[in-house]
Amino acid sequence: MISKERKQEIIQQHGGSAANTGKPEVQVALLTEHIQALSSHCEANPKDHHSRRGLIQLVSKRKNLLGYLAKNDIQRYRDIVAKLGLRK
């Protein structure tokens, strides 16, 4: 889980203000943080298939958001991928 303080920090970094949570950059950053936490959980608990399914859904959601961003504004897409260190 992401703490409330960490979530606000991510929103502030990527959204510009604490209330701007709808930007795709903010959503991708929050999903990335959640994916990292869930990945470590799945490595520690290899038989937890329910969490693994949730992880796959989160990765798919992030992929769709990144595709939307790449289609509409390629520069914002490149910035967020570079900032988060994603492989795309």
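These numbers come from a predicted model, not from an experiment.

1. What to know about the confidence of the model for the protein chain
- For the protein chain, the average pLDDT comes to 93, and 99% of its residues sit at 70 or higher.
- The spread of mean pLDDT over the elements of the protein chain runs between helix 1 (residues 4-15), the lowest at 92, and helix 3 (residues 49-72), the highest at 97.

2. So, the nonpolar core
- Formed by 14 residues in total, the largest nonpolar core has its most connected members in Val28, Leu66, Ile80 and Val81.
- Residues Ile10, Ile11, Val26 and Ala29 belong to the second largest nonpolar core, which totals 5 residues.

3. Re the pattern of salt bridges
- Taken as a whole and assessed by the stated rule, the structure comprises 4 salt bridges.
- Two residues, Arg6 and Glu9, come together in a salt bridge whose shortest N-O distance is 2.9 Å. One end of the pair, Arg6, and the other, Glu9, are both in helix 1, 3 residues apart, so they sit about a helical turn from each other.
- Given a relative accessible area of 29%, Arg6 falls into the partly exposed group.
- Look at Glu9 and you get partly exposed, because its relative accessible area is 39%.
- A salt bridge links Glu25 to Arg76, with the nearest nitrogen and oxygen atoms 2.5 Å apart. Of this pair, Glu25 sits in helix 2 (residues 24-44) while Arg76 sits in helix 4 (residues 74-84); the two residues are 51 residues apart in sequence, bridging distant segments of the chain.
- Overall, the relative accessible area of 7% leaves Glu25 in the buried class.
- One continuous salt-bridge network, built from bridges that share partners, spans Arg6, Glu9 and Glu33.

How each quantity is defined
Residues numbered from 1 in each chain as written. Predicted model: local features only at pLDDT ≥ 70, side-chain atom pairs only at ≥ 80, totals over all residues. Heavy atoms only, no water. pLDDT = per-residue confidence, 0-100. Helix = DSSP H or I, 4+ residues; strand = E, 2+ residues; numbered from the N terminus. Core = buried A, V, L, I, M, F, W, Y, C linked by side-chain atoms within 4.5 Å. Buried < 20%, exposed > 50% of the residue type's maximum accessible area, 1.4 Å probe, protein only. Salt bridge = Lys/Arg side-chain N within 4 Å of Asp/Glu carboxyl O.

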